[in-house]
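So you can see what is in the structure, the chains are spelled out below.
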Amino acid sequence: MGASGLSMSALNGKHILLGVTGGIAAYKAAELTRQLKSRGAEMRVVMTEAAQAFVAPLTFQALSGNPVATHLLDPVEESAMGHIALARWAELVLIAPATADFIARLRAGLAGDLLSALCLASEAPLILAPAMNRAMWANPATQDNVRVLRERGIRLLGPEEGEQACGETGPGRMLEPVELCEALEGSFGDGSLAGLSVLITAGPTREPLDAVRYLSNRSSGKMGYALARAAADAGARVTLISGPVALMPPPGVEFVAVETAAEMHVAVLSRVHESDIYIGAAAVADYRPAEVAQAKIKKTAASLNLELTRTEDILAAVAGLSPRPFTVGFAAETDRLEDYARGKLAAKNLDMIAANWVGRPQGGFDRDENSLHVFWPDGERELPLADKSRIAIQLIELIAERFHAQDTTENPR
Ligand code: PMT
């Protein structure tokens, strides 16, 4: 969990070099500088020429308390704190916003400007917070660059979906400064889930009724996809198994598309033995039609009775394995949230359960926001209403905390 007090923050005293490249989100980097500074980080800011067209270096100088570096071969800057000295000084390099152009430069290993040269010269962990138009982000060239950078161990935080400065809507927005601060706090250094494998389910399932109809629910996949992204940002190798939704899988995440509960069951059980952590965020159908008509059912009868049979309980199957991953379930409830969630935690022998209200105006199915009440055998925590990407970062940090706590107490999982 991100600590907000200066003395509590994991960023206190850390040397963070913020690289600002030329996109409209550069204005958010000013607020990011302020927030990182207020968490006790020592800040140095480097700006590309294009970034200076959006925000003046003086803004960052005032907020960081240090001169801003802008030129590679400037005799004054090089004599004060040259690019090699800056590269050595940094304990972490964060590029926010990271434009498509800068991402391409990084992939190519160019060093013709101060920030690129510095990234090449620094041995500190490098984190990118991309920001660009959604089509630029989706372009295969950018996606290929991102894939290669991830393979080199460079981490990405975001981008998130939403309204863009260009008037379009989609993935490409830079994460909010508070989200970046929390992700940095939670994963400073190696990342709270570094080296771990996380399997996540998301979205609804569709249970066919006849050739054209199915039973399903209102899950949009937003919660599960946000968790996949947050787990990847925390350093995990993530596999996302998803029912049909209208979202793009987060970059760097292995993706498996399924339709029915039975397909999700097979997909999970064939991969779960490689996983350290399982998170069941999918809204899996509890029942499927007992028979599937091959043709479209005709409306000849005045009424129609459907016989339903139970689907496989994927979460219970995972929790029943031996050995098994750290198993986290969700509970979607319309009443008696705490009773039912605690009941599922115990009955399915889970390590943790994240309970959310559904069927209410705020949070739950198909909303951008959610709130969770999280239970584990000897504790609980409430995560108040916030954007699902923020809730996901908090839940992932909590899972990491509990996973590592169990790991050190010889739990017989
Ligand atoms: O997708 P969004 O629109 O963002 O909405 C998010 C969400 C509300 C779907 C999500 O936060 C959530 O609550 N997911 C679980 C929904 C659900 O099916 O809850 P449940 O209480 O019916 O099931 C309990 C647990 O058992 C869940 O972890 C579920 O994945 C799992 N389960 C259920 C049935 C089944 N056959 N197999 C399962 O594994």
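Residues numbered from 1 in each chain as written. Predicted model: local features only at pLDDT ≥ 70, side-chain atom pairs only at ≥ 80, totals over all residues. Heavy atoms only, no water.

Draft legend 1. A look at the overall build of the protein. Counting secondary structure elements, the protein contains 15 helices and 19 strands. In terms of C-alpha radius of gyration, the protein reaches 23 Å, essentially the compact-globule figure of 22 Å for 413 residues. Taken across its 413 residues, the protein has 52% of its residues classed as buried. For the protein, the accessible area works out to roughly 18600 Å², and carbon and sulfur atoms hold 51% of it. The centroid of the 39 positive side-chain charges in the protein is displaced by 4 Å from the centroid of its 50 negative side-chain charges. (Helix = DSSP H or I, 4+ residues; strand = E, 2+ residues; numbered from the N terminus. Rg over C-alpha atoms; globule rule 2.2 N^0.38 Å. Buried < 20%, exposed > 50% of the residue type's maximum accessible area, 1.4 Å probe, protein only. Areas by Shrake-Rupley, 256 points an atom, 1.4 Å probe, with all protein chains shown as cover. Lys, Arg positive; Asp, Glu negative; His and termini not counted. Charge placed at Lys NZ, Arg CZ, Asp CG, Glu CD.)

Draft legend 2. Here's a closer look at the nonpolar core. Within the largest apolar cluster, 40 residues are counted, with the highest numbers of intra-cluster contacts made by Leu-193, Leu-227, Ile-279 and Leu-395. For this core, the element with the most residues is helix α15 (residues 388–407), which contributes nine residues. Excluding its chain neighbours within four sequence positions, the residues that come into contact with Leu-193 are Val-198, Ala-231, Ala-234, Gly-235, Ala-236, Ile-277, Ile-396 and Ala-400. (Core = buried A, V, L, I, M, F, W, Y, C linked by side-chain atoms within 4.5 Å. Contact = heavy atoms within 4.5 Å.)

Draft legend 3. Inspection of the pattern of salt bridges at higher detail. Here the structure, examined in full by the defined rule, presents 20 salt bridges. In this structure, the salt-bridge partner of Glu-31 is Arg-34, at a minimum N-O distance of 2.8 Å. In this pair, Glu-31 and Arg-34 are both assigned in helix α1 (residues 26–38), three residues apart and thus about one turn of the helix distant. Residue class for Glu-31 comes out partly exposed when judged on its relative accessible area of 30%. The class for Arg-34 is partly exposed, based on a relative accessible area of 40%. For the salt bridge of Lys-222 with Asp-368, the shortest nitrogen-to-oxygen distance reads 2.9 Å. (Salt bridge = Lys/Arg side-chain N within 4 Å of Asp/Glu carboxyl O.)

Draft legend 4. Spatial organisation of the packing of helix α6 (residues 100–108) against helix α7 (residues 114–121). Where α6 contacts α7, the two axes come as close as 10 Å, and the packing angle between them is 40 degrees. Taken together, the axis directions place α6 and α7 in an arrangement best described as oblique. In this structure, α6 meets α7 at a crossing whose hand is right-handed. Here α6 contributes Phe-102, Arg-105 and Leu-106 to the contact with α7, which in turn contributes Leu-115, Ser-116 and Cys-119. When grouped by side-chain class, the residues that make up the contact of α6 with α7 number four nonpolar, one polar and one charged. (Axes fitted to C-alpha atoms, helices over the stretch in contact; angles between N-to-C directions. Parallel < 35°, antiparallel > 145°, perpendicular 65-115°, else oblique. Left-handed = near helix turned anticlockwise from the far one by under 90°. Nonpolar A, V, L, I, M, F, W, Y, C, P; charged D, E, K, R; others polar.)

Draft legend 5. Broad picture of the domain arrangement of the protein. Parsing the protein into structural domains produces domain 1 (3–188) and domain 2 (197–289 + 306–410). Taking only C-alpha atoms into account, the centre of domain 1 sits 32 Å from that of domain 2. Opposite the 17 residues of domain 1 that make contact, domain 2 presents 15 residues. Of the roughly 1300 Å² buried between domain 1 and domain 2, counting both surfaces, carbon and sulfur atoms make up 52%. (Domains from an automatic or database assignment. Buried area = accessible area lost by both parts, 1.4 Å probe.)

Draft legend 6. Structural view of the sheet that holds strand β4 (residues 126–130). Taken in spatial order, the five strands make up an open sheet running β2-β1-β3-β4-β5, and their pairing is parallel. Either end of the sheet is taken by a strand with one partner, and the two such strands are β2 (42–47) and β5 (155–156). Judged from the six bridges that link them, strand β1 (residues 15–20) and β2 form a sheet pairing that is parallel. Bridge pairing links Gly-19 to Val-46 in β2. (Pairing = 2+ DSSP bridges.)

Draft legend 7. Layout of the confidence of the model for the protein. Confidence in the prediction of the protein, expressed as mean pLDDT, is 91, and 93% of residues score 70 or more. A low-confidence stretch, residues 1–7 stays under pLDDT 50, and its non-local contacts, those more than four residues away or across chains, total 16 contacts. (pLDDT = per-residue confidence, 0-100.)

Draft legend 8. Here's a closer look at helix α12 (residues 261–271). Buried within α12 are the following residues: Ala-261, Met-264, His-265, Ala-267 and Val-268. Buried residues in α12 make contact with β8 (197–202), β9 (207–208), β11 (237–242), β12 (254–257), β13 (277–280) and α13 (314–319).

Draft legend 9. Broad picture of the packing of aromatic side chains. Within the structure shown, the criterion is met by two aromatic pairs. Between Phe-326 and Phe-403, the aromatic rings sit 6.0 Å apart at their centres with planes inclined by 80 degrees, giving edge-to-face as the arrangement. With a gap of 77 residues between them, Phe-326 in strand β16 (residues 326–333) and Phe-403 in helix α15 connect regions that are remote in the sequence. The two residues Phe-326 and Phe-403 agree in class, both being buried. Its guanidinium or amino end placed over the ring of Trp-89, Arg-44 lies 5.9 Å from that ring's centre, counting from NZ or CZ. One Lys or Arg, Arg-310, reaches over the ring of Tyr-287 and ends 5.8 Å from the middle of that ring. (Phe/Tyr/Trp six-rings, centres within 6.5 Å; stacked < 30°, edge-to-face > 60°. Lys NZ or Arg CZ within 6 Å of the ring centre and 35° of its normal.)

Draft legend 10. The arrangement of the packing of α6 against helix α9 (residues 140–151) in detail. Viewed as axis vectors pointing N to C, α6 and α9 meet at an angle of 50 degrees, and their least axial separation amounts to 9 Å. Relative to α9, α6 is oriented oblique. The way α6 lies across α9 gives a crossing that is left-handed. Mapping the contact onto sequence places Ala-100, Ile-103, Ala-104, Leu-106 and Arg-107 in α6 and Thr-142, Asp-144, Asn-145, Val-146, Val-148 and Leu-149 in α9.

Draft legend 11. Highlighting the site of the ligand. If you check the shell around the ligand, you find 29 residues, and the closest are Ser-219, Ser-220, Lys-344, Asn-356 and Asp-366. Ala-282 is positioned such that a nitrogen or oxygen atom in its backbone is 2.7 Å from an oxygen atom of the ligand. The protein chains hide 95% of the 770 Å² of surface that the ligand would expose on its own. Top contributing element to the shell around the ligand by residue count: β16, with four residues. (Near = heavy atom within 4 Å. Polar contact = N/O pair within 3.5 Å; in protein donor to acceptor, adjacent residues only side chain to side chain.)

Draft legend 12. Broad picture of the sheet that holds β11. The sheet built from eight strands is open, its strands ordered β12-β11-β8-β13-β16-β17-β18-β19 with mixed pairing. The sheet is open, and its two borders are formed by β12 and β19 (379–387), each paired with just one other strand. Going across the sheet, the axis of each strand differs from the next one's by a mean of 15 degrees, ignoring polarity. Looking at chain direction, β13 and β16 are connected through four bridges and run parallel. Each bridged residue has a counterpart across the sheet, and for Gly-280 the counterpart in β16 is Gly-329. Contacting β8, β11, β12 and β13, α12 crosses the sheet at an angle of about 165 degrees to β11.

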